[in-house]
Amino acid sequence: MLKAMQLHISPSLRHVTVLPAKGFKDFIKVKVGSKRLSYRMVFYFLLFLTFLLRFVFVLTAIDTIDGERKCSTLGCLGKKIGPRILGKRLESTVPEVIYQVLEEPSDQTEMRTRPESPQTLDEFIAEMKDGRPDAKTFAVKLKAMVTLLEQTTRTAKIQEYLYRHVASSSIPKQLHCLALKLAHEHSTNSNARLQLPSPELVPALVDNSYFHFVLASDNVLSASVVASSLVQNFLRPEKIVLHIITDRKTYAPMQAWFSLHPLTPAVIEVKGLHHFDWFTKGKVPVLEAMEKDQKARSQFRGGSSAIVANKTEKPKIIAAKLQALSPKYNSLMNHIRIHLPELYPSLDKVVFLDDDIVVQTDLSPLWDIDMNGKVNGAVETCRGGDKYVMSKRFKSYLNFSHPLIARSFNPSECAWAYGMNIFDLEAWRKTNISQTYHYWLEQNLKSDLSLWQLGTLPPGLIAFHGHVHAIDPFWHMLGLGYQDNTTVAEAQNAGVIHFNGRAKPWLDIAFPQLRPLWTKYVNFSDKFIKSCHIRAS
């Protein structure tokens, strides 16, 4: 055997001696001339010899799998390289039966081998060593094991998404406690019922020389973080007007919080939807659409159980559908932005903020951006280093298998993000954006909710189609609530970070390395925060 041969090299590298095996006394001595053979050539010779021995071993192993164990090592080598030397076609070293097994439908292989499928790689290796099977049995066992592991992984991943969906859809007891204590404070403490803003600051609410921000939320704690981070990072906080919109049940706790925790010198307005005259007059299209939408969902979608029961869709698709079922997406707070021109008829421009964002820089330069006549200044989500977060196009949200969508839009068109948007209300009032939004909501209802995934962004993509101005991604970093690939350093360098997704920073399922970016704006020594056991981790 070649492996029994011995190789001796003199210290001066001038003699190379090869000793055969089996007791031969003769040897071959090669005289190496200093001028004819360099050290580099000797090195390459040794490298070639090492490669040759490894190559012979691999070929022998392949023949063993084929069941051809009778040829010697040199014989196997000759049989393998012979056709190539003679100019003949070298056939694949992988037996054809392996391809046949791999191409066979998985369900047939699974039914035939499931009771005997190895559960782990160690079990598989031990079984192959003990049984010494032929190539077909080897392939069948391997495919069965991989199929089983794939199914187990898929089931575990979907269960994780379902648990996260349940956790993110419920109200943590700490937040419920905070709302109750603030509501009680509102009813017993006159200082918690102050007019916001104070009478002398009311003119600022319609003064376009101020920087106007709108925040719609029914979460007191998250609203407080948005407001605090906005004011603390603003170069001229005395020029901020923050309009907070909430629902009827959250109005008293929200007013109590900002009455007792003023963000002077910024101007803070807290208003319930029931305080807007526009909402009390006649029919409100978005409210009607939401009522119909909720009825349709209960009839056609089957909730999270039906989504999880799907055996063909990829886990990420199931995760997106579960996320869209979140109560937030069915909340009026999420739809209200489509009526900003009617809610603030005296304002020319506003920046709309979601309640799961954190402001980390001065946002006044947003007013200097030339929108080129567009209505919506937003960050596009089809370009960027993060291929999971920044790879969204219209086809990611709209159902292009439906003819109504297919003939109306381009599936490759770049999508954009809600969360931090500049809205030119003057330009908006000259368009039919709001009417388009309601028209497509109706079309979706007539189509049994088959035009797009659940949520408010898809109809927003349609309504603002042709009215979006792309702004620098620095102003809005997405995805901190559904993937933890973003590093803390990357997040700290963004102007606004957005915890969109299920892992909200106020929930236990938040990503621990990213949560401090949010908790730094919570005063954990506050008596309401402490009494409700709200902690940093």
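Residues numbered from 1 in each chain as written. Predicted model: local features only at pLDDT ≥ 70, side-chain atom pairs only at ≥ 80, totals over all residues. Heavy atoms only, no water.

The name given to the chain in an unreviewed UniProt entry is Hexosyltransferase, with the source organism recorded as Nicotiana tabacum. For the chain, the Pathway (unreviewed entry) comment in UniProt is given as "Glycan metabolism; pectin biosynthesis." Under the heading Subcellular location (unreviewed entry), UniProt records this for the chain: "Golgi apparatus membrane". (UniProt positions renumbered as here; feature names shortened; annotations may be inferred.)

A. View of the environment of histidine 533. Of note, histidine 533 is situated in the segment after helix 22 (527–531). Judged by its relative accessible area of 48%, histidine 533 is partly exposed. Residues histidine 533 and cysteine 177 lie 356 residues apart in sequence; the distance between their C-alpha atoms is 9.0 Å. (Helix = DSSP H or I, 4+ residues; strand = E, 2+ residues; numbered from the N terminus. Buried < 20%, exposed > 50% of the residue type's maximum accessible area, 1.4 Å probe, protein only.)

B. Quick peek at the state of the cysteines. Overall, the coordinates contain two disulfides when judged by the stated rule. Each sulfur in the disulfide pair cysteine 177 and cysteine 532 lies 2.1 Å from the other. An S-S torsion of about -80° defines the bridge between cysteine 177 and cysteine 532 as left-handed. Of the two residues, cysteine 177 is situated in helix 7 (residues 173–188) and cysteine 532 in the segment after helix 22; the sequence distance between them amounts to 355 residues. According to the relative accessible area criterion, cysteine 177 is buried, its value standing at 19%. Two residues, cysteine 382 and cysteine 414, share a disulfide whose sulfurs are 2.0 Å apart. Disulfide cysteine 382-cysteine 414: the torsion about the S-S bond is -105°, which places it as left-handed. (Disulfide = S-S within 2.5 Å.)

C. Seen up close, the confidence of the model for the chain. For the chain, per-residue confidence averages 80 on the pLDDT scale, and 70% of positions sit at 70 or higher. This stretch, residues 22–35, has a pLDDT under 50; its non-local contacts, to residues over four places away or in other chains, come to 19 contacts. (pLDDT = per-residue confidence, 0-100. Contact = heavy atoms within 4.5 Å.)

D. Region of interest: the sheet that holds strand 4 (residues 211–216). An order of 6-5-4-7-10-9-11 is seen for the seven strands of this open sheet, with the pairing classed as mixed. A single partner strand is all that each edge strand has here, and the edge strands are strand 6 (267–272) and strand 11 (468–470). Adjacent strand axes in the sheet meet at a mean angle of 25° when their direction is disregarded. Here five bridges tie strand 7 (residues 349–353) to strand 10 (residues 420–424), and the two strands are oriented antiparallel to one another. Within the sheet, the bridge partner assigned to phenylalanine 352 lies in strand 10 and is asparagine 421. Those strands touched by helix 8 (residues 220–232) are strand 4, strand 5 (240–246) and strand 7, and its axis lies near 170° from that of strand 5. Its contacts with the sheet put helix 9 (residues 248–260) on strand 5 and strand 6, and the angle it makes with strand 6 is roughly 160°. (Pairing = 2+ DSSP bridges. Axes fitted to C-alpha atoms, helices over the stretch in contact; angles between N-to-C directions.)

E. Looking closely at the pairing of strand 5. The element strand 5 is extensively covered by neighbouring structure, given that seven of its seven residues are classed as buried. By the alternation rule, side chains of strand 5 split into Ile240, Leu242, Ile244 and Thr246 and Val241, His243 and Ile245, which are all buried. When strand 4 meets strand 5, the two strands line up parallel, connected through six bridges. Note that in strand 5 the partner of valine 214 across the bridge is histidine 243. Where the polypeptide runs from strand 4 across helix 8 and back to strand 5, its parallel neighbour, the crossover connection is right-handed. Sheet analysis places strand 5 next to strand 6, joined by six bridges and oriented parallel. Note that in strand 6 the partner of isoleucine 244 across the bridge is valine 270. (Right-handed = clockwise from strand over helix to strand, strands pointing away.)

F. Representation of the environment of cysteine 177 within the structure. Cysteine 177 sits 354 residues away from serine 531 along the chain, and the two C-alpha atoms are 8.6 Å apart. Excluding residues within four positions of it along the chain, cysteine 177 makes contact with Ser531 and Cys532.

G. The packing of aromatic side chains, seen in detail. Evaluated as defined, the whole model comprises 15 aromatic pairs. Positioned above the aromatic ring of phenylalanine 276 is the side chain of lysine 271, whose terminal nitrogen or guanidinium carbon lies 4.5 Å from the ring centre. (Phe/Tyr/Trp six-rings, centres within 6.5 Å; stacked < 30°, edge-to-face > 60°. Lys NZ or Arg CZ within 6 Å of the ring centre and 35° of its normal.)

H. The arrangement of unusual backbone geometry in detail. Cis peptide bonds are those with omega within 30 degrees of zero, and the linkage from leucine 196 to proline 197 qualifies with 0°. Looking along the chain, the bond that leaves threonine 264 and enters proline 265 is cis, with omega of 10°. Within the element layout of this structure, proline 265 appears in the loop between helix 9 and strand 6. A positive phi is found at asparagine 372, a non-glycine position, where the angle reads about 55°. Checked against the element boundaries, asparagine 372 lands in the loop between strand 8 (357–359) and strand 9 (376–378).

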